[in-house]
Amino acid sequence: EKCNGCGICVKICHEHCLSLSDGELKIEYEFCSTCSQCVAVCPRQAILWDHHPPLRFDRTLYPRPEQVMELFMERRTGREHTGKSIDRSTLKEIAAMAAYAPTHNFNLRTIIIDDVEIIRQIDSVIYRFSMNLYRWLYAPEIMHFVVRAFAPAWESEYLKARPKLEVLRNRQRLFRTMPAAVIMVVGNRRAPLSLQSAQYALYNMDLYAQSMGLACRNLVGNQGILNRNRQFRKLIRLNRKEKIFGTIALGHPAIRFRNKVTGKSLSVQWNNHTTGR
Ligand SMILES: Cc1cc2nc3c(=O)[nH]c(=O)nc-3n(C[C@H](O)[C@H](O)[C@H](O)COP(=O)(O)O)c2cc1C
Ligand code: SF4
Ligand code: SF4
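Residues numbered from 1 in each chain as written. Chains lettered and ligands numbered in written order. Predicted model: local features only at pLDDT ≥ 70, side-chain atom pairs only at ≥ 80, totals over all residues. Heavy atoms only, no water.

This part is about the overall build of the protein chain. A tally of regular secondary structure across the protein chain gives ten helices and six strands. Against the compact-globule benchmark of 19 Å for 277 residues, the protein chain has a radius of gyration of 23 Å, which places it well outside the compact range. In terms of overall dimensions, the protein chain has a C-alpha envelope of 80 × 55 × 40 Å along the principal axes. The 277 residues of the protein chain split such that 34% are buried. (Helix = DSSP H or I, 4+ residues; strand = E, 2+ residues; numbered from the N terminus. Rg over C-alpha atoms; globule rule 2.2 N^0.38 Å. Buried < 20%, exposed > 50% of the residue type's maximum accessible area, 1.4 Å probe, protein only.)

As a further point, take the pairing of strand β1 (residues 18-21). The sheet contact formed by β1 and strand β2 (residues 24-27) spans four bridges and is antiparallel. What sits directly across from Ser19, in β2, is Lys26. Counting the residues between successive antiparallel strands, the hairpin from β1 to β2 contains two residues, one of them, Asp22, with a positive phi of roughly 50°. (Pairing = 2+ DSSP bridges.)

A separate point is the packing of helix α4 (residues 88-96) against helix α8 (residues 194-211). At a closest axis distance of 8 Å, the pairing of α4 and α8 adopts a crossing angle of 140°. On the basis of their axis angle, the class for α4 and α8 is oblique. Across from Glu93, Ile94 and Ala95 in α4, the residues of α8 making contact are Met205, Tyr208 and Ala209. For the contact of α4 with α8, the class distribution of residues is five nonpolar, no polar and one charged. (Axes fitted to C-alpha atoms, helices over the stretch in contact; angles between N-to-C directions. Parallel < 35°, antiparallel > 145°, perpendicular 65-115°, else oblique. Contact = heavy atoms within 4.5 Å. Nonpolar A, V, L, I, M, F, W, Y, C, P; charged D, E, K, R; others polar.)

Bringing the sheet that holds strand β5 (residues 215-218) into the picture now. Spatially, the four strands line up as an open sheet ordered β3-β4-β6-β5, and their pairing is antiparallel. Whereas interior strands pair on both sides, the edge strands pair on one side only; in this sheet they are β3 (109-113) and β5. Between one strand axis and the next, the sheet turns through 25° on average, direction left out of account. In the sheet, β3 pairs with strand β4 (residues 181-188) via five bridges, with the strands oriented antiparallel. Each residue of the ladder has a partner; that of Ile112, found in β4, is Ile183. Packing against the sheet, α8 makes contact with β4, β5 and β6 (242-251), and its axis sits at approximately 15° to β6.

Its place among the elements puts Ala254 in the segment after β6. A C-alpha to C-alpha distance of 5.2 Å links Ala254 and Glu80, two positions 174 residues apart in sequence. Among all residues touching Ala254, those that are not within four sequence positions of it are Glu80, His81 and Thr82.

This next bit is on the domain arrangement of the protein chain. Here the domain parsing of the protein chain yields domain 1 (1-60), domain 2 (66-112 + 178-251) and domain 3 (118-171). The C-alpha-based centres of domain 1 and domain 2 are spaced at 30 Å. (Domains from an automatic or database assignment.)

A word on the site of ligand 2. Around ligand 2, the neighbouring residues are Cys3, Asn4, Gly5, Cys6, Gly7, Cys9, Leu25, Cys42, Pro43, Arg44 and Ile47. For the shell around ligand 2, the residue count by class is seven nonpolar, three polar and one charged. (Near = heavy atom within 4 Å.)

So, about unusual backbone geometry. Backbone geometry at Gln45 places phi at a positive 50°, although glycine is not the residue there. In this structure, Asn271 is a non-glycine residue whose phi angle is positive, near 50°. Looking at the element boundaries, Asn271 is found in the segment after β6.

Together, Arg189, Arg190, Arg228 and Lys243 make up a region of like positive charge exposed at the surface. Overall, the relative accessible area of 63% leaves Arg228 in the exposed class. (Patch = residues over 30% accessible without salt bridge, like charges linked within 9 Å, V, L, I, M, F, W, Y side chains within 5 Å. Areas by Shrake-Rupley, 256 points an atom, 1.4 Å probe, with all protein chains shown as cover. Salt bridge = Lys/Arg side-chain N within 4 Å of Asp/Glu carboxyl O. Lys, Arg positive; Asp, Glu negative; His and termini not counted. Charge placed at Lys NZ, Arg CZ, Asp CG, Glu CD.)

Moving on, we come to the packing of helix α5 (residues 116-137) against helix α7 (residues 155-171). For the pair α5 and α7, the least separation of the axes is 10 Å and the interaxial angle reads 125°. As far as their axial angle goes, α7 and α5 are oblique. Between α5 and α7 lies a crossing whose hand is left-handed. Residues Tyr127, Ser130, Met131, Leu133, Tyr134 and Leu137 of α5 form the contact with α7, whose participating residues are Tyr158, Arg162, Leu165, Glu166, Leu168 and Arg169. Looking at the contact of α5 with α7, its residues break down into eight nonpolar, one polar and three charged. (Left-handed = near helix turned anticlockwise from the far one by under 90°.)

Okay, here's the thing in structure tokens:
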């Protein structure tokens, strides 16, 4: 009854599943992507999200671009934690930021792990896998020659991984210090764009956690090991169709990054000019 039939929501809908007839708004739910732009745009706040009325943005709370830039430049992988725990309401708040990723992909869900035993399992599954890798690919001297002969493009990566694995072997675990919590983004393994959506979700959580002064480590390189480990899947109750698409480890930082690194850049090509500025 709040709707005045202005049609702004119909115009913004990227799935073209909203229509107005005789001043009444109709939605074809089967085509809706759940992007929620119609809710965000309605000047009368006439569309509810799952019965929740929208709130107006307070733009005075927005960070200025230079504040956002400062946050991006400070963003680094935090591997050293103090061991202090993170309270559950904070963890829930961080995980909630995953829902505001631009894909708004609702086949995703989050798993918050603050149980020390499960965090130890994550450590142990990845550690044991890494040690098997070391045993097969590094312990036999001949493997270096095999890689050089048959996969030369991988040789430098192969050599770079050796000292990392040796550090793990000496430490006898993955984490330098145990994180206080791990948050996973899990989704249907066959749904289109799950991975890309999860990347957005992860980065939202990552930056939000950082704005709270927490250290954050992305475990994307290791989560394949967790995905393939049956016992671990069972432990965190993943169903058969699900896959872990993103994993971040959080803790209170034991090391502070003090310096802004300047002069770091990717090369830029303007239009189709490969030379010049
Ligand atoms: C991985 C990925 C793929 C996307 N693919 C499309 C697409 O194919 N077509 C499209 O219109 N928008 C696409 N989007 C954009 C989202 O549909 C759009 O951001 C969403 O409607 C929410 O809008 P908002 O972020 O402006 O609120 C994609 C976004 C991501 C992250
Ligand atoms: S729901 Fe809102 S945006 Fe859509 S037609 Fe009604 S008043 Fe306009
Ligand atoms: S949520 Fe997005 S796709 Fe669904 S009706 Fe609204 S604007 Fe259209």
